[in-house]
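Inside the fold
So you can see what is in the structure, the chains are spelled out below.
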Amino acid sequence: MRKLLIAGNWKMYKTISEAITLVNTIKAGVHSINGVDIVVCPPFTALDAMSKSVERTSIELGAQNMYSATEGAYTGEISPQMIKDIGCRYVILGHSERRGYFKETDDMVNKKVCLALDYNLNPIVCIGETLEQREQSKTKEVVRTQFENSLKGLTVDQMNNIIIAYEPVWAIGTGKNATPQQAEEVHKYIRQLIVNTYDRTVSENVRILYGGSVKPDNCGDLMQKGNIDGALVGGASLKAESFIQIIAKAKEISDNNK
Ligand code: PGA
């Protein structure tokens with residue numbers, strides 16, 4: 001049985017004091033909720049404060065990115081060792097904003113994934129098609145290529161520590177989410193790719209999150225689907241109320257039928 005996971009990607013929002021206020025409100029709202037993994041991914045500058053704020057709570061920390069080297073002359077970059085040191089357990093890799101604005105390729109993502117795993121971080125690896133690709137019926141082809149190349153060369157043990165986030169680019173920050181059917185179809189396909197590359201046991205272990213305009217009012221129908229194991233939430237994670245509602249919904253679903 002896969003535990004549902006709700007991760008908040010705060011992107012380039014929140015100063016340290018704003019982040020503290022947000023996480024404290026989230027903490028109060030989820031303190032009685034168990035059985036759901038909760039992750040917040042604040043900007044780097046707030047990680048230290050967040051790591052203190054979430055001590056002795058069930059909230060885990062994630063970074064939004066890292067560089068693919070342990071240390072060195074890479075001005076402006078952050079290493080896996082540094083994010084591990086500051087208290088992160090997760091790291092988002094290959095987000096479509098990184099792939100789009102910062103020209104990250106599958107190869108670059110793959111290097112980051114491998115190094116993150118060396119530091120016992122759990123990578124949340126994002127894959128997903130653009131609107132143009134969907135309209136050209138290339139969704140599966142794009143998702144398969146990103147899956148194969150971003151996760152290239154991983155052992156079974158390493159794959160068991162991966163979380164995949166299917167995020168159709170056209171649904172991110174647009175208010176236009178994939179329908180539960182559209183998302184489930186791709187999630188099922190991704191799970192089959194895991195069976196083909198590894199085996200059924202691994203495919204049953206790996207969590208596949210959906211991301212793209214997840215809100216309290218659409219998250220329930222999405223997470224009811226058999227292959228959707230939680231959500232990577234952007235906009236709705238910036239407000240405690242909506243993020244808590246999404247987590248509460250995940251709890252209700254996992255108590256009832258998952
Ligand atoms: P959104 O972002 O929920 O604002 O669409 C999701 C993401 O980018 O991970």
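Counting of residues starts from 1 at the beginning of each chain's written sequence and follows it residue by residue. Predicted model: local features are reported for residues with pLDDT of at least 70 only, side-chain atom pairs are reported and counted for 80 or more only, and whole-chain, interface and lining totals are derived from all residues. Excluded from the side-chain calculation are hydrogens and water; included are all heavy atoms of the structure.

Some words on the overall build of the chain
Numbering goes from the N terminus for both helices and strands, where a helix is a DSSP run of H or I of at least four residues and a strand is a run of E of at least two. The number of helices and strands found in the chain is 12 helices and 8 strands. For a compact globule the rule gives 2.2 Å times the number of residues to the power 0.38, and the radius of gyration it is set against comes from C-alpha atoms. In summary, the chain has a C-alpha radius of gyration of 17 Å against a globular reference of 18 Å for 258 residues, a match within 12%. Taken over the C-alpha atoms alone, the chain extends approximately 50 × 45 × 35 Å along its principal axes. Here the chain holds 258 residues, and the buried ones make up 53% of them. Summarising the internal contacts of the chain: among those between residues at least 6 apart in sequence, 73% fall at separations of at least 24. Computing the positive centroid from 30 side-chain charges and the negative centroid from 30, the chain places the two 2 Å apart. Burial status follows relative accessibility: with a 1.4 Å probe on protein chains alone, a residue under 20% of its type maximum counts as buried, one over 50% as exposed, and anything between as partly exposed. Contact criterion: two residues are considered in contact whenever any of their non-hydrogen atoms come within 4.5 Å of each other. Asp and Glu are treated as the negative residues and Lys and Arg as the positive ones, with His and the ends of the chain left uncounted. A charged residue contributes its charge at one atom only: NZ of Lys, CZ of Arg, CG of Asp or CD of Glu.

Some remarks on the side chain of Ser96
One can find Ser96 in helix 4 (residues 96–101). Contact partners of Ser96, with chain neighbours within four places excluded, come to Val169 and Ile172.

Focus: the site of the ligand
Any residue with a heavy atom positioned within 4 Å of a molecule or strand is treated as near that molecule or strand. By nearness alone, 14 residues border the ligand, and Lys11, His95, Glu167, Gly173 and Ser213 come closest of all. Counted as a polar contact is a pair of N or O atoms within 3.5 Å, where, for protein atoms, one must be capable of donating a hydrogen and the other of accepting one, and residues adjacent in sequence contribute only when both atoms are in side chains. Within the backbone of Gly173, one N or O atom sits 2.7 Å away from an oxygen atom of the ligand. The contact in question runs from an oxygen atom of the ligand to an N or O atom on the backbone of Gly234, over 2.9 Å. Computed with a 1.4 Å probe, the accessible areas rest on the Shrake-Rupley method; for each residue, only the protein chains presented here act as cover. A total of 280 Å² of accessible area belongs to the ligand in isolation, and the protein chains cover 97% of it. All amino acids are sorted into three groups, where Ala, Val, Leu, Ile, Met, Phe, Trp, Tyr, Cys and Pro are nonpolar, Asp, Glu, Lys and Arg are charged, and the leftover types, Gly among them, are polar. Grouping the amino acids of the shell around the ligand by side-chain chemistry returns 5 nonpolar, 7 polar and 2 charged.

Regarding the packing of helix 11 (residues 216–223) against helix 12 (residues 240–256)
Packed helix pairs are specified by the crossing angle of their axes together with the interaxial distance, meaning the distance between the axes. For helices, the fitted line uses only the C-alpha atoms of the stretch in contact; every axis is such a line through C-alpha atoms, and the angle between N-to-C directions lies from 0 to 180 degrees. One way to put it is that helix 11 packs onto helix 12 with a least axis distance of 9 Å and a crossing angle of 25 degrees. If you check the angle between helix 11 and helix 12, you find them roughly parallel. Two packed elements cross with a definite hand, and for helix 11 against helix 12 that hand is right-handed. Across from Pro216, Cys219, Gly220 and Met223 in helix 11, the residues of helix 12 making contact are Ser242, Gln245, Ile246, Lys249, Ala250 and Ile253. Tallied by class, residues from the contact of helix 11 with helix 12 come to 6 nonpolar, 3 polar and 1 charged. Any angle that is under 35 degrees is reported as roughly parallel, and any over 145 degrees as roughly antiparallel; angles of 65 to 115 degrees are reported as roughly perpendicular and all others as oblique. Working rule for handedness: look at the near helix, and if it is turned counterclockwise from the far one by less than a right angle, call the crossing left-handed; if clockwise, right-handed.

A look at the sheet that holds strand 8 (residues 230–233)
Strand order around the closed barrel formed by 8 strands is 1-2-3-4-5-6-7-8, with parallel pairing between neighbours. Recorded for the sheet is a direction-independent mean angle of 25 degrees between the axes of neighbouring strands. A strand pair is defined by DSSP finding two or more bridges across the two strands.

Quick word on the state of the cysteines
Pairs of cysteine sulfur atoms within 2.5 Å are identified as disulfides in what follows. Counted under the stated rule, the structure contains 0 disulfides. Lacking any disulfide linkage, Cys126 is separated from the closest cysteine sulfur, that of Cys41, by 9.4 Å. Unpaired in this structure, Cys219 has its nearest cysteine sulfur neighbour in Cys41, at a distance of 17 Å.

Observations concerning the pattern of salt bridges
Each reported salt bridge corresponds to a side-chain nitrogen of Lys or Arg within 4 Å of a carboxyl oxygen of Asp or Glu. As enumerated under the stated definition, the model contains 18 salt bridges in all. We note a salt bridge from Glu204 to Arg2, for which the minimum N-O separation is 3.2 Å. With a gap of 202 residues between them, Glu204 in helix 10 (residues 200–205) and Arg2 in the segment before strand 1 (5–9) connect regions that are remote in the sequence. Among the residues examined, Arg2 registers a relative accessible area of 16% and is labelled buried. A salt bridge links Lys251 to Asp255; the nearest nitrogen and oxygen atoms lie 3.2 Å apart. Here Asp255 and Lys251 lie together in helix 12, a separation of 4 residues that amounts to about one turn. Through salt bridges with shared partners, a single network forms among Arg2, Arg191, Glu204 and Asp229.

A word on the pairing of strand 1
By the criterion of burial, strand 1 is predominantly enclosed, with 5 of the 5 residues buried. Residue alternation in strand 1 divides its side chains into two sets, Leu5, Ala7 and Asn9 and Ile6 and Gly8, and both sets are buried. Here strand 1 pairs with strand 2 (residues 37–41) via 5 bridges, running parallel. By the bridge assignment, Ile6 is partnered in strand 2 with Ile38.

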